[in-house]
Structure formats: structure tokens, C-alpha cells
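Observations on the model geometry
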Amino acid sequence: MRSIHFLGFFVLGTIAATAAGCGGDDDGVGGQGGAGGAGGATSSSTSSSTSSSVTTSTSSGGDETDQNDSIETAESIEIDGDAVQATLEPVDADQDFYSFTGTKGQALYILTDAKPEEDERDPAYPDLVVSLLDAQGKQIARNDDPPQGGNDSRLITVLPADGDYYLLVEECTSALGQDSCTPAEDIENFDYALGITLLDPAAADDDSLIGDTEPNDEAAQALPLHYEALADETGYYTTFLFGSFQSATDVDVYSFTLPETPAAEKGLRATLVTSAPSGPEGSGSTVDISEITVFDAADLTTPYAKVDPSKGGSIEVPVKAGEAAEYLVFVKRSQGDVGANDFYILLHNRVAIDGLEAQDLTNNLATTPEGDLYSFALRGGGIAYAVDGQLDGLTADTDYYALPVPENADETWKVSAFCGAQRHGSGLRELTVTLLNGDGTELGEDYTATENETTDLAIAGVDLPASPAEGRLLVKVSAGTPAEDVTSRSYDCTFGYLPAD
């Protein structure tokens, strides 16, 4: 055992776009933009209920001859009890089992910690996968990488019945195979911690845990979402919304009004993100959310934003703040019979926009691209740029942006672009991004990508031209015919330069 990383204040934070697969390091540019993925928005953090420290017990696990390698020999762990410290050795094959007793309807936050806080993807530490099993050993739910990024598994689920349950903790290679994971031979530290926290909206002493209450099927019955301020009042904890569908036709309605403070100079986004896919490889829910629509409460004729979470989408759209700007959220289930555990978990937050399109009247030509974009440093010495923009769907609107190339960059560097529109709830369709040389000339088919309902817009780690014209690259952002049943025309993008590994 080299070192132990204790479970501490696990911050769910601003939800970034879906992390790259287990162990598959992304290029560090912030995924597909995500909710605040562009450089870490000021409105972040998690429910204070879920961020409480899980006390670590030095008496549990931690030796290289553990005996909990089967259900029959599972080690006991308690909900809201001490966290277990343990070791995976051999790290690529060891499987640790834990047992606990739960109650039907309990919402649990199962947390692991192996990666160091300063680098949640450090390949020298295990990339954990945690699975929830029923009393017969059947897998109910699983988490590899949480949606907010990093490799420490964090599973949020709702128990389907009273009884005994098991947790299986293993390294990515053991769970998913070496082709899906960072090489296990790179791992030097084999320790981890595991804890279980009960999430109970009824008993919560703050506003960051909210439980669905019926009836809330119509706009007049909308359940308000609340916001718990951080201790330093720089933002808000993520609001955890626990809902369930009571029938095959149930629709749940919520409302939100974003607080005006702290002020956000460039505007705000509202985010509504599912905690995980449904099913045994996700949250364990027996139903999919098929649609989330957001309406301006003053006009319920046409949705402002709409997305299908079952296809990987999430609501991440710019909104107004203050009491005069109320929004309604309609959550619908997929068609089919009522399942045994038809729950859903949505994560909601108020996210400050860092980079906002500022030259809409002039950036529609390659000869007059918008520059001076918001930028932030990347691990490894790179730099990223972020922008939230709008495209006028009634005309052939196109936005151009200039991305200065770092002075120390050479042809071994990579460039990436990640954008979201339709998959973030916007009415834009076929959002297309093309990376151009600094003089506007094309670089090839690898430098363009298009979004659709099931596919993220991602240009991931293509080669930087040997001699970028004018010391920059240009980005061309365009779209096809917009949807008539969604009024938002927003998009968000993150662009980045990174040196070769």
C-alpha cells in the first residue's frame, strides 16, 4: 500500500459533458462544452447534504490479503457509516465485495475515491468501477466515470426493494477489459475508499434535495426547484431532483426562477442533466426519460428548449434570472408499461457563462472573425477558448471565431473542438463546426463535425497545421434548418490546443 485517499467533500459541481470512456483519457479540452465545462463556471458545487464528509475507518480493509473476493465473503458496510479503506491487488484482477441492508425507495449516493484531488485522471491510481447487486448477485446498477468528469465512480440510485444488497468494487481493466482502459501496468498506487450516503429530501435541512410530489402533472401544479447558496455566496450547490413516474402516462412538472445574485456579467445557463442512463449499466432505473421541455412560463405555446435524455441529451441553455423570469419544466417518460423501479434523478444548477458571442453583426465572414474569446489554461500546457453563441435560424447566419495559436506550439500539437446545440436543448439542427487555417482555407474532412440528436459534435485531437496562417486558426459555426417546435437558437463551444502526449 503506497497511500490512502480519504473520502472527503465530494463536489458534484457543474456538470460537464459525458466523460470519455473508462480510462480513456480525453484531450483535456472539457468534453462537449457541457454545463460549465468551459472553464469551470462560478456557479458550481453539490448539494451540501451530499458533500458531507464520510468518516474514514482505519479498521476496515487496506491489506493485500483481503478475504472479500466473493458475495459469500462480502465485507459489511453501513449506509451513512464509516467509509471503508481497501486495496486492489492484483489491481487488474482483484474484486472486492461489500454487503449492506437497504429499504425500498432509499436514494443512495455510493462514492469511491482512488484518484488524487489534484488530478482526477492520474493513470498512476486505479480507475474504479462500482456495481450494485441484489441479494441474488444480479447487477442492478453500475458507474464507471461520473458525468461531472474524473475516474472515481459515484453511483446515485434508488433501491427497488427491502433487503440485502452487495457492492462490487474493481478496477476498469477487471470490469470492462484492457481494451477499454488505461493500461493497468501504469498503476502504482492500489488503495481506495468507499462510502454510502443516504439522500433523503424529506429529512434534508437545506434546499438542494428535492423529492417529486404528486400531483404535479400540470403547469398550475408545478413543483418549485430551490437553490442552496454556497457558504461564500459565490454560487449554488447543485440541486438533486428525485422523481418517479406513477403511471405509464405520468408527466411531472417543475418550475424554476434563477437567483439574480451573484451577478453574472455574461449571462447564465440553466442545466438539467440526468445523473446516469437507466438500466443495470447506469442508475438502475427501469424507465427512460424520453423528453424534458422547458417553457417560458409566460408562453406555454412553444417550448424554449427540448431534449431527449435517453439519447444522451441534456438541458444546457441560456436563461434570464430574477422573479420576472419563471420557467416551467415538463418531464415525460418513455412509452411502455410501468416498471418495478421507475425513478429518475435530475441534477439542476445555475451556471455562469464565461464566454459570450459579442460581435454577431460582424462575425459572419471569415474576413472579420470574432477574436478575444474567453480562454483558460489546460493541463499539459495547452489553452482552450469558450463561447456561447446564437444562430439566426431565419437567415443563413454563420459565425466565425479566431483562435490564436500558442507561440510555443509546433506541428506535434493537437487541436480540438466540442460543441452542443440540439443535444443541449436548442432548436438548432445539424450544428456544424469547421476548423480552417488562419486565412480561411480548408484543412480537410477531419477538421469538420456535425451534431445530430444522437451524436455529439466533436473534433478530437487533430493535427495542428505546420505553419498556421496569421498565427491562428479560424472556426466556422453554422447550422441547418432549425426546429419549428423549439424557440432557442443557442449553442456552446469549447476549442483547445494541446501539446502531444
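Below or above, wherever it landed, is the structure these notes cover. Remember, it's a predicted structure, so these values are computed and weren't measured experimentally. (Residues numbered from 1 in each chain as written. Predicted model: local features only at pLDDT ≥ 70, side-chain atom pairs only at ≥ 80, totals over all residues. Heavy atoms only, no water.)

**Structural notes on the overall build of the protein**
A tally of helices and strands in the protein yields one helix and 29 strands. Here the protein holds 501 residues, and 56% of them are scored as buried. Taking the intrachain contacts of the protein between residues at least 6 apart in sequence as the baseline, contacts between residues at least 24 apart amount to 78%. Surface exposure of the protein reaches about 20,400 Å², of which carbon and sulfur atoms provide 47%. (Helix = DSSP H or I, 4+ residues; strand = E, 2+ residues; numbered from the N terminus. Buried < 20%, exposed > 50% of the residue type's maximum accessible area, 1.4 Å probe, protein only. Contact = heavy atoms within 4.5 Å. Areas by Shrake-Rupley, 256 points an atom, 1.4 Å probe, with all protein chains shown as cover.)

**Topic: the state of the cysteines**
Per the stated rule, a full pass over the model turns up two disulfides. Put simply, Cys 172 and Cys 181 are joined by a disulfide, and their sulfur atoms are 2.0 Å apart. Measuring handedness by torsion sign, the sulfur bridge of Cys 172 and Cys 181 sits at about -75° and is left-handed. Among the residues examined, Cys 172 registers a relative accessible area of 0% and is labelled buried. (Disulfide = S-S within 2.5 Å.)

**So, the pairing of strand S19 (residues 327–333)**
Taken across its seven residues, S19 has six buried, putting it largely inside the fold. Here strand S14 (residues 251–256) runs beside S19; their pairing, made up of six bridges, is antiparallel. Note on S19: the bridge partner recorded for Val 253 is Phe 330. Here strand S16 (residues 289–296) runs beside S19; their pairing, made up of seven bridges, is antiparallel. Paired with Asp 296 across the two strands is Tyr 327, which belongs to S19. (Pairing = 2+ DSSP bridges.)

**Structural notes on a negative patch on the surface**
Where like charges cluster on the molecular surface, the negative patch consists of Asp 92, Glu 185, Asp 186 and Glu 188. If you trace the backbone, Glu 188 turns up in the loop between helix H1 (172–176) and strand S10 (191–199). Among the residues examined, Glu 188 registers a relative accessible area of 47% and is labelled partly exposed. (Patch = residues over 30% accessible without salt bridge, like charges linked within 9 Å, V, L, I, M, F, W, Y side chains within 5 Å. Salt bridge = Lys/Arg side-chain N within 4 Å of Asp/Glu carboxyl O. Lys, Arg positive; Asp, Glu negative; His and termini not counted. Charge placed at Lys NZ, Arg CZ, Asp CG, Glu CD.)

**Examining the sheet that holds strand S25 (residues 432–437)**
Ordered by their spatial adjacency, four strands build an open sheet running S23-S28-S25-S26, and the pairing between neighbours is antiparallel. Two strands lie at the open edges of the sheet, namely strand S23 (399–404) and strand S26 (448–450), each paired on one side alone. The average angle at which neighbouring strand axes cross in this sheet is 20°, direction not considered. Direction of pairing for S25 relative to S26: antiparallel, over a ladder of three bridges. The residue bridging Thr 434 from the neighbouring strand is Thr 448, located in S26. (Axes fitted to C-alpha atoms, helices over the stretch in contact; angles between N-to-C directions.)

**Comments concerning the side chain of Ser 131**
Structurally, the position occupied by Ser 131 is in strand S6 (residues 128–133). For Ser 131, a relative accessible area of 0% translates into the label buried. Here the side chain of Ser 131 touches Arg 142 through a polar contact of 2.9 Å, side chain to side chain. Sequence-distant contacts of Ser 131, that is, excluding residues within four places in its chain, are made with Gln 139, Ala 141, Arg 142, Tyr 166, Leu 167 and Leu 168. (Polar contact = N/O pair within 3.5 Å; in protein donor to acceptor, adjacent residues only side chain to side chain.)

**Examining unusual backbone geometry**
Residues Glu 89 and Pro 90 are joined by a peptide bond in cis, for which omega reads 5°. Tracing the backbone shows Pro 90 in the loop between strand S3 (83–87) and strand S4 (95–102). In this structure, the amide linkage connecting Thr 261 to the following residue, Pro 262, adopts the cis form with an omega of -5°. Mapped onto the elements, Pro 262 comes out in the loop between S14 and strand S15 (268–274). In the Ramachandran plot, Glu 233 falls in the positive-phi region, its phi being about 60° despite a non-glycine side chain. Structurally, Glu 233 is set in the loop between strand S12 (223–224) and strand S13 (239–244). For Glu 233, a relative accessible area of 59% corresponds to the exposed category. In the Ramachandran plot, Asp 372 falls in the positive-phi region, its phi being about 55° despite a non-glycine side chain. Among the secondary structure elements, Asp 372 is positioned in the loop between strand S20 (343–352) and strand S21 (374–377). Residue Asp 372 is classed as exposed on the basis of its relative accessible area, which comes to 82%.

**Brief notes about the sheet that holds strand S24 (residues 414–420)**
With respect to topology, five strands assemble into an open sheet ordered S21-S22-S29-S24-S27, the strand pairing being antiparallel. Only two strands of the sheet have a single partner each, and these edge strands are S21 and strand S27 (457–463). Sheet twist, expressed as the mean angle between neighbouring strand axes with direction ignored, is 15°. The pairing of S24 with S27 spans five bridges and is classified as antiparallel. Residue pairing in the sheet places Cys 419 in a bridge with Leu 457 of S27.

In short, the description is geometric, and any link to function would need to be established separately.
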